[in-house]
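Chain residues, written in single-letter form:
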Amino acid sequence: MSDRRTLVVIPTYNESENIRPLATAVLALPGGMEILVVDDSSPDGTGDIARDLSRETSGRVHLLERPGKAGLGTAYLAGFRWGLEQGYDAIVQMDADFSHDPERVPVMVAGLDRADLVIGSRYVEGGGTVNWGLMRKVVSRGGSLYARLLLALPVSDVTGGFKAWRGETLARLGLDKVRSNGYCFQVEMTWRAFNTGARIREVPIVFIDRRVGLSKMSGSIFLEAVWRVPLLALGVTS
Ligand SMILES: Nc1nc2c(ncn2[C@@H]2O[C@H](COP(=O)(O)OP(=O)(O)O)[C@@H](O)[C@H]2O)c(=O)[nH]1
Ligand SMILES: [Mg+2]
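Cut-offs applied
Residues numbered from 1 in each chain as written. Chains lettered and ligands numbered in written order. Predicted model: local features only at pLDDT ≥ 70, side-chain atom pairs only at ≥ 80, totals over all residues. Heavy atoms only, no water. Helix = DSSP H or I, 4+ residues; strand = E, 2+ residues; numbered from the N terminus. Rg over C-alpha atoms; globule rule 2.2 N^0.38 Å. Contact = heavy atoms within 4.5 Å. Areas by Shrake-Rupley, 256 points an atom, 1.4 Å probe, with all protein chains shown as cover. Lys, Arg positive; Asp, Glu negative; His and termini not counted. Charge placed at Lys NZ, Arg CZ, Asp CG, Glu CD. Near = heavy atom within 4 Å. Polar contact = N/O pair within 3.5 Å; in protein donor to acceptor, adjacent residues only side chain to side chain. Expected span 1.5 Å × (residues − 1). Buried < 20%, exposed > 50% of the residue type's maximum accessible area, 1.4 Å probe, protein only. Arc of directions from axis to C-beta. Salt bridge = Lys/Arg side-chain N within 4 Å of Asp/Glu carboxyl O. Pairing = 2+ DSSP bridges. Axes fitted to C-alpha atoms, helices over the stretch in contact; angles between N-to-C directions.

A. Molecular detail of the overall build of the protein. A count of helical and extended segments in the protein gives eight helices and nine strands. The C-alpha radius of gyration of the protein comes to 17 Å, within 12% of the 18 Å expected for a compact globule of 238 residues. Across its three principal axes, the protein shows a C-alpha extent of roughly 45 × 40 × 35 Å. Within the protein, contacts between residues separated by at least 24 positions form 81% of all contacts whose residues are at least 6 apart in sequence. Element-wise, carbon and sulfur atoms account for 55% of the exposed surface of the protein, whose accessible area totals about 10,500 Å². Here the protein contributes 28 positive and 27 negative side-chain charges, whose respective centroids are spaced 5 Å apart.

Below you can see the structure in the form of structure tokens.
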């Protein structure tokens with residue numbers, strides 16, 4: 001399946017310093033991938049840069065604009081729906097801030113030959129994090145363990161957001177049922193994939209904390225995961 005049509009979905013909110021270098025790096029990868037930027041009308045003009053990129057690349061960069069900031073999870077869902085409508089075979093999700101190394105994308109997409117979902121994993125041999133303080137490490141490790149145990153998921157990194165999906169896997173998952181929007185979104189998607197029988201593989205990635213721009217994550221987004229994961233475990237899904 002090497003002639004897979006691949007779409008890389010990148011949600012953005014105020015990523016004007018990152019989107020051009022990231023898009024350039026992704027477009028230079030083998031496989032002729034395309035990009036969908038899902039921008040929530042960023043005040044810093046990220047959407048305008050994406051529009052320029054679209055023109056400069058003869059349409060290899062697409063832009064889905066939403067009227068206001070509505071969260072990471074719903075941005076990905078909108079991007080996935082768009083990608084499925086356009087019939088892409090593989091859909092990659094990655095953050096705009098270079099935390100997710102574009103060089104790992106081809107390995108992840110190739111992993112779809114024998115899997116339905118490939119997770120870029122910080123917590124398998126060869127994976128890791130760079131520039132993280134002790135607190136962030138504890139929260140991430142703890143969160144991953146918490147969700148993995150409560151949901152009985154055979155996955156080492158359940159909170160990571162760097163993934164490659166087969167289109168058919170996303171289509172089968174029931175995107176309309178997904179309710180989480182912050183960190184829990186990543187957990188819920190992997191859990192739904194597992195429950196619909198997806199073959200999940202993890203490939204190592206080294207997560208590098210953002211160098212430019214600001215994090216949009218907040219305490220409430222973290223807390224959402226704390227209360228929502230047990231609800232998922234109990235089967236309360238909306
Ligand atoms: N479209 C959209 N993108 C978002 C939103 N919140 C975060 N993002 C993007 O999601 C990615 C991850 O967010 P980030 O702030 O880096 O989270 P962190 O890595 O947990 O600190 C980045 O590409 C952000 O620009 C949102 O509300 N809407
Ligand atoms: Mg980030």
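B. Seen up close, the site of ligand 1. The environment of ligand 1 is formed by 20 residues, the closest being E15, D40, R210, S215 and K216. The backbone of V38 places a nitrogen or oxygen atom 3.1 Å from a nitrogen atom of ligand 1. K69 has a polar side-chain atom sitting 2.9 Å from an oxygen atom of ligand 1. Contact with the protein chains hides 97% of the accessible area of ligand 1, taken as 570 Å² for the molecule alone.

C. Representation of helix α5 (residues 134-151) within the structure. The first and last C-alpha atoms of α5 sit 26 Å apart over 18 residues, in line with the 26 Å expected at 1.5 Å per residue. Residues of α5 that are buried include every one of S140, S144, A147 and L151, and no others. Along the long axis of α5, the arc covered by the buried residues comes to 75°, so they all point the same way. In α5, the exposed positions that point more than 90 degrees away from the buried face belong to L134, M135, R141 and L149. Buried residues along α5 sit in contact with α7 (183-195) and α8 (219-233).

D. Region of interest: the pattern of salt bridges. Scanning the model with the defined rule gives 16 salt bridges in all. A salt bridge links D116 to R199, with the shortest nitrogen-to-oxygen separation between them at 3.1 Å. Placement of D116 in the loop between α4 (105-111) and β5 (117-121) and of R199 in the loop between α7 and β8 (200-204) is noted, with a sequence separation of 83 residues between them. The partly exposed category is assigned to R199, whose relative accessible area is 42%. With its nearest N and O atoms 2.9 Å apart, the salt bridge here joins R192 to E188. A residue pair is termed a helical-turn pair when its members lie 3 or 4 positions apart in one helix, as R192 and E188 do in helix α7 at four residues. A cluster of three or more residues bridged by salt bridges with shared partners is formed by D116, R166, E168 and R199.

E. Main features of the sheet that holds strand β2 (residues 34-39). Read across the open sheet, the seven strands follow the order β3-β2-β1-β4-β7-β5-β8; overall the sheet is mixed. With one partner strand each, in any of the chains shown, β3 (61-65) and β8 form the two edges of the open sheet. Shown here is a sheet whose adjacent strand axes are inclined to one another by a mean of 20°, direction ignored. As defined by bridge partners, strand β1 (residues 6-12) adjoins strand β4 (residues 90-93) across four bridges and the pair is classed as parallel. Bridge pairing links V9 to Q93 in β4. Across the sheet, helix α2 (residues 46-56) is in contact with β1, β2 and β3; its angle to β3 comes to roughly 150°. Contacts from α7 reach β4, β5, β7 (163-166) and β8 within the one sheet, and its direction differs from that of β7 by about 35°.

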